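# Topology and contacts: notes
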Amino acid sequence: MKLLLFIHSLGGGGAERVMAALANQWAVEGRAVVLVTLASRSGDRYALDPAIRRLELGLASESSGVVSALAGNARRVRALRRVLRAERPDVAVAMLTTCNVLLALAGARLRVRLVGSERVHPPQVPLGGMWARLRAWCYGGLDTVVVQTRETAEWVRTHTRARRLAVVPNPVTWPLPSTEPVRAPGSVGTPGRRRLLAVGRLEGQKRFGLLIALFARLAPRFPEWELVIVGDGPDRAVLERQVAEAGLIGRIMLPGHVGNMADWYACADLFVLSSKFEGFPNVLAEAMAHGLPVVSSDCDTGPRDIVRHEVDGLLVPTDDEEALAAALARLMGDADARSRFAMRAVEVRERFAMSRIAAQWDDVLSGRTP
């Protein structure tokens with residue numbers, strides 16, 4: 001079976017990591033894999049198996065207005081259609097909404113199975129009017145739309161013309177490979193302190209401002225703990241100012257983006273996900289795979305599919321700040337509970353093992369999904 005995979009880029013991001021991991025898995029299995037991106041490969045952050053053919057369309061530039069957007073997307077559709085005709089794959093798989101739409105248009109009336117994959121819960125990330133209408137219509141041109149949770153499947157079924165849906169969660173990668181930039185976890189914080197770890201892009205969705213405020217309340221009660229938030233993004237300056245105003249420089253650290261996340265998980269004692277919404281939070285599964293107990297908001301979607309409440313972590317209502325503070329305090333103050341949850345947390349390695357997830361994808365690629 002020959003596969004063509006299509007995504008905007010292989011820059012940093014959960015969808016990009018999953019696309020690279022699946023591509024490598026399928027290459028190892030002996031399938032012919034062609035991976036196509038709109039963006040240049042110069043921004044790639046994820047390594048690919050040497051057997052994978054890497055193509056770039058060079059059409060990722062931003063549009064300056066409606067007319068240029070229409071013209072740009074027409075060029076993207078034509079370019080992708082030329083690649084599909086030249087490569088003649090058995091199955092073409094796209095990830096992320098805009099790429100799904102482009103694939104549906106480019107692959108129309110070609111003899112290739114078309115598979116799109118939603119990577120977020122759509123109502124949490126509204127599209128502009130044109131893209132929303134295109135998604136609703138064009139998903140009917142895909143043979144299968146893959147989603148990560150049951151909630152998203154129901155939304156797509158209700159709001160688009162998708163004919164066939166498959167729920168396939170993300171695989172968990174363990175141990176995580178190390179990439180640049182590499183930074184030692186000990187380069188921040190104080191030796192001997194226990195570490196509460198959070199990971200993600202520094203933006204409103206992740207609610208790191210709330211997390212900092214809650215930790216500031218807990219800090220006097222738990223002087224042996226520090227908070228480290230790994231990631232970068234547009235809210236960095238605001239968050240750094242919040243830490244300084246709370247008088248917690250040295251207790252709350254924002255080291256930026258790192259490529260050796262396995263080392264940072266290994267040096268933590270507890271993981272927290274405070275997000276307002278998610279698609280399927282890879283960092284939550286990764287933290288558990290590395291043996292961390294977790295506290296997570298029970299947001300749409302993903303955490304409730306990963307965390308087993310009171311078994312390997314705690315789920316709290318998304319908008320209940322007091323419940324989140326109480327859950328953090330409970331585990332920060334109870335080493336036995338942390339140890340008990342950690343012992344079960346590592347079961348995500350099997351629950352979301354690549355072999356298991358790849359088998360579910362095999363059903364999608366072969367058209368065996370209901």
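Each remark here, short or long, concerns the structure printed above.
Reference entry: report on the structure contained in this document. All values reported here derive from a predicted model rather than from experimental measurement.

With that settled, consider the sheet that holds strand 6 (residues 144-147). Whenever strands of a sheet pair, they do so through backbone hydrogen bonds, lying parallel or antiparallel. Ordered in space as 3-2-1-4-5-6-7, the seven strands form an open sheet in which the pairing is parallel. Looking at which strands have only one partner, the edges of the open sheet turn out to be strand 3 (53-56) and strand 7 (165-167). Pairs of neighbouring strands in the sheet enclose a mean axial angle of 20°, with direction left out of account. Sheet topology note: the strand 1 (residues 2-7)/strand 2 (residues 32-37) ladder contains six bridges and is parallel. When the sheet's bridge partners are listed, Lys-2 is paired in strand 2 with Ala-32. Against the sheet, helix 1 (residues 14-28) makes contact with strand 1, strand 2 and strand 4 (91-94), and its axis sits at roughly 170° relative to strand 1, the strand it touches most. Packing of helix 2 (residues 66-87) onto the sheet brings it into contact with strand 1, strand 2, strand 3 and strand 4, and relative to strand 1 it is tilted by some 165°.

Turning to the nonpolar core, a few remarks are in order. Generally speaking, nonpolar side chains in soluble globular proteins are found buried as a group. In this structure, Phe-215, Ile-229 and Leu-328 are the most contacted members of the largest nonpolar core, which totals 35 residues. The greatest single-element share of this core, amounting to eight residues, is contributed by helix 11 (residues 321-332). Apart from the residues lying within four places of it in its own chain, the contact partners of Phe-215 are Leu-196, Trp-225, Glu-226, Leu-227, Leu-248, Arg-251, Ile-252 and Met-332. Counting 32 residues, the second-largest nonpolar core is a separate cluster that includes Val-34, Ala-79, Ala-92 and Ala-106.

Tracing the backbone shows Leu-331 in helix 11. Expressed as a C-alpha distance, the spacing of Leu-331 and Ser-274, which sit 57 residues apart in the sequence, is 15 Å. Excluding its chain neighbours within four sequence positions, the residues that come into contact with Leu-331 are Leu-270, Val-294, Val-295, Leu-314, Ala-337, Arg-338 and Phe-341.

Looking now at the packing of aromatic side chains. This model, assessed by the stated rule, comprises three aromatic pairs. Look at Trp-26 and Trp-361: their rings are 5.8 Å apart centre to centre, the planes differ by 75°, and that puts the pair in the edge-to-face class. With Trp-26 in helix 1 and Trp-361 in helix 14 (residues 354-365), this pair connects stretches of sequence that are 335 residues apart. Taking the relative accessible area as the measure of exposure, Trp-26 reaches 1% and is therefore buried. A relative accessible area of 2% places Trp-361 in the buried class. Relative to Phe-352, the ring of Phe-280 has its centre 5.7 Å away and its plane inclined at 75°; by these criteria the two rings are edge-to-face. One end of the pair, Phe-280, is in the loop between strand 11 (270-273) and helix 9 (282-289); the other, Phe-352, is in the loop between helix 13 (348-351) and helix 14, and 72 residues separate them in sequence. When its relative accessible area of 6% is taken as the criterion, Phe-280 is described as buried. Judged by relative accessible area, which is 7%, Phe-352 ranks as buried.

Right, let's talk about empty space enclosed by the protein for a bit. This model, assessed by the stated rule, comprises two cavities of 30 Å³ or more. Here the largest cavity defines a volume of roughly 60 Å³. Of the residues contributing to the lining of the largest cavity, the split by class is five nonpolar, two polar and two charged. Taken as a whole, the second largest cavity holds about 40 Å³ of empty space.

For strand 2, a buried count of five out of six residues is recorded, marking the element as mostly surrounded by other parts of the structure. Handedness of the crossover is the feature at issue here: the chain leaves strand 1, passes through helix 1, returns alongside strand 2, and the resulting connection is right-handed. Where strand 2 meets strand 3, four bridges bridge the pair, whose relative direction is parallel. Across the sheet, residue Thr-37 finds its bridge partner in strand 3, namely Glu-56.

Overall, the coordinates contain 29 salt bridges when judged by the stated rule. Residue Glu-56 pairs with Arg-41 through a salt bridge whose shortest N-O separation is 2.5 Å. Taken together, the positions of Glu-56 in strand 3 and Arg-41 in the loop between strand 2 and strand 3 put the pair 15 residues apart, joining distant regions of the chain. For Arg-41, a relative accessible area of 40% translates into the label partly exposed. Close ionic contact of Glu-347 with Arg-344 constitutes a salt bridge, the shortest N to O distance being 2.6 Å. Residue class for Glu-347 comes out partly exposed when judged on its relative accessible area of 28%.

With that settled, the discussion passes to a nonpolar patch on the surface. Judged by side-chain polarity, Val-66, Leu-70 and Met-130 come together as a nonpolar surface patch covering roughly 270 Å² of accessible area. Along the chain, the position of Val-66 falls in helix 2. The class of Val-66 is exposed, set by a relative accessible area of 64%.

Criteria and cut-off values
Residues numbered from 1 in each chain as written. Predicted model: local features only at pLDDT ≥ 70, side-chain atom pairs only at ≥ 80, totals over all residues. Heavy atoms only, no water. Pairing = 2+ DSSP bridges. Helix = DSSP H or I, 4+ residues; strand = E, 2+ residues; numbered from the N terminus. Axes fitted to C-alpha atoms, helices over the stretch in contact; angles between N-to-C directions. Contact = heavy atoms within 4.5 Å. Core = buried A, V, L, I, M, F, W, Y, C linked by side-chain atoms within 4.5 Å. Buried < 20%, exposed > 50% of the residue type's maximum accessible area, 1.4 Å probe, protein only. Phe/Tyr/Trp six-rings, centres within 6.5 Å; stacked < 30°, edge-to-face > 60°. 1 Å grid on protein atoms, 1.4 Å probe; cavity = no way out; pocket = protein on both sides within 12 Å on 5 of 7 lines; lining within 4 Å. Points joined across faces, edges and corners; volume = space filled by probe spheres on them. Nonpolar A, V, L, I, M, F, W, Y, C, P; charged D, E, K, R; others polar. Right-handed = clockwise from strand over helix to strand, strands pointing away. Salt bridge = Lys/Arg side-chain N within 4 Å of Asp/Glu carboxyl O. Patch = residues over 30% accessible without salt bridge, like charges linked within 9 Å, V, L, I, M, F, W, Y side chains within 5 Å. Areas by Shrake-Rupley, 256 points an atom, 1.4 Å probe, with all protein chains shown as cover.

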